[in-house]
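# Survey of secondary and tertiary structure
Below are the chains, spelled out letter by letter.
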Amino acid sequence: TSLKAEEFQDLERLGEGAGGTVMKVCHIPTGKIMAKKKINVDPNQHVHRQILRELEFLGTCHSPHIVTYFGALLEDEGSSVGICMEYCEGGSLDAIYKCVSRRQGRIGEAVLGKIGEAVLNGLVYLHSHKIIHRDIKPSNILVTKKGVIKICDFGVSGNLVASLAQTFLGTSYYMAPERIQGRQYRVSADVWSLGLTIMEVAENKFPYPSVLGPIELVAHITKMDPPQLSNDCDWSQDLRDFLRVCLEKDGEKRPTPKQMLDHPFIQRSAARQVNLERWIRQVWEWSD
Ligand code: ATP
Ligand code: MG
């Protein structure tokens, strides 16, 4: 692409992750508002060319449940790559559930169903292009102003994944047991992460005990039974079963995203209309 660093104006900081900072920016020549994620990379021209080539796949992704990509550019004399994507005004699911939980509220099952449907459809699309997402978690599921649910931050660039892994441990608590153990994994690893994500959003907290430190937590995930929805709320049997199937510890037995689309919880959700535009307006108390 032909995006240039000097064509962007920073508007506000949207957040920060382990890998870099995300800014809301304006692309001055077009007036378009975008989100730009900056990731530190090896300042080597050969590596740059490779990363930009790997990112080209993002430009060919066209799915309603995948965040639109506008292009990438080199910044800071080649010490970082800026990834320009669609700005999602509704924010990420972690920010959304934390906001709802501050008001003592909860995200209901109808919306959880739509989240499951959207993420699974996005994953099926990626898998049709031989891509495993590898980082499904609440902060990587975004909602647009219109209430469309989309996934972002999937591992298309081996080089970028490597630069991130260098700076950080590269272990996420949403990783399926087989991945945490460094074993081989398949698309069903994303289904585990989706199960954990939906359970977290349903319960307004990460499903594993918060007292565990990182090393104990990894041991806990691999050794103990998977978490279950608490009985404090009257969740449907369909939802409970959906999470039980997602959180199958054996990656070989765990279904693929495509198979999960047939689950009764998702089938029931697909047959139902949910006004997600109104939902996201209520979450953020947007007036019109
Ligand atoms: P990690 O680095 O471990 O993946 P993360 O997903 O929170 O964690 P980032 O991907 O850097 O880190 O994102 C930081 C925050 O920026 C997210 O939590 C999200 O709220 C916000 N954000 C990211 N992309 C967008 C976007 N396209 N539109 C709106 N907000 C975004
Ligand atoms: Mg992210």
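Per an unreviewed UniProt entry, the protein chain carries the name 6420_t:CDS:1 and comes from Paraglomus occultum.

## Here we look at the pairing of strand β5 (residues 80–86)
Here β5 lies mainly inside the structure; five of its seven residues are buried. Direction of pairing for strand β3 (residues 32–40) relative to β5: antiparallel, over a ladder of seven bridges. Within β5, the residue paired with Asn40 across the bridge is Ser80. Here strand β4 (residues 69–75) runs beside β5; their pairing, made up of six bridges, is antiparallel. Bridging from a neighbouring strand, Leu73 pairs with Gly82 of β5. The antiparallel hairpin formed by β4 and β5 contains four residues in its connecting segment, where Asp76 sits at a positive phi of about 50 degrees.

## Considering the packing of helix α3 (residues 109–128) against helix α6 (residues 188–203)
One way to put it is that α3 packs onto α6 with a least axis distance of 11 Å and a crossing angle of 160 degrees. Classed by the angle they form, the pair α3 and α6 counts as roughly antiparallel. When you trace α3 past α6, the crossing you get is right-handed. Where α3 approaches α6, its residues Leu112, Ile115, Gly116, Val119 and Leu123 are matched on the opposing element by Asp190, Leu194, Ile198, Val201 and Ala202. Looking at side-chain class alone, the contact of α3 with α6 contains eight nonpolar, one polar and one charged residues.

## Structural notes on the site of ligand 1
Surrounding ligand 1, one finds 24 residues, the nearest of these being Gly15, Gly17, Val22, Ala35 and Ser139. Put simply, the parts of the chain that give the shell around ligand 1 at least two residues each are β1 (8–16), β2 (20–27), β3 and β5. If one sorts the elements of the shell around ligand 1 by residue count, β1 sits on top with three residues. Partitioned by chemical class, the residues of the shell around ligand 1 number 11 nonpolar, eight polar and five charged.

## So, the UniProt feature "binding site: ATP" (unreviewed entry) in the protein chain
UniProt feature "binding site: ATP" (unreviewed entry): in the numbering of this structure it lies at Lys37. By the secondary structure assignment, Lys37 is in strand β3. Note on Lys37: 21 C-beta atoms within 10 Å, which makes it buried. For Lys37, the residues in contact, after removing those within four places along its chain, are Gly20, Val22 and Ile83.

## Comments concerning the sheet that holds β4
Think of a sheet as strands paired side by side through backbone hydrogen bonds, with each pair either parallel or antiparallel. Spatially, the five strands line up as an open sheet ordered β1-β2-β3-β5-β4, and their pairing is antiparallel. Only two strands of the sheet have a single partner each, and these edge strands are β1 and β4. For this sheet, the mean inter-axis angle between neighbouring strands, taken without regard to orientation, is 30 degrees. Examined bridge by bridge, β2 and β3 share eight bridges and lie antiparallel to one another. Paired with Lys24 across the strands is Ala35, a residue of β3.

Thresholds, definitions, all that
Residues numbered from 1 in each chain as written. Chains lettered and ligands numbered in written order. Predicted model: local features only at pLDDT ≥ 70, side-chain atom pairs only at ≥ 80, totals over all residues. Buried ≥ 20, exposed ≤ 12 C-beta atoms within 10 Å, placed from the backbone. Helix = DSSP H or I, 4+ residues; strand = E, 2+ residues; numbered from the N terminus. Pairing = 2+ DSSP bridges. Axes fitted to C-alpha atoms, helices over the stretch in contact; angles between N-to-C directions. Parallel < 35°, antiparallel > 145°, perpendicular 65-115°, else oblique. Left-handed = near helix turned anticlockwise from the far one by under 90°. Contact = placed C-beta atoms within 7 Å. Nonpolar A, V, L, I, M, F, W, Y, C, P; charged D, E, K, R; others polar. Near = placed C-beta within 6 Å. UniProt positions renumbered as here; feature names shortened; annotations may be inferred.

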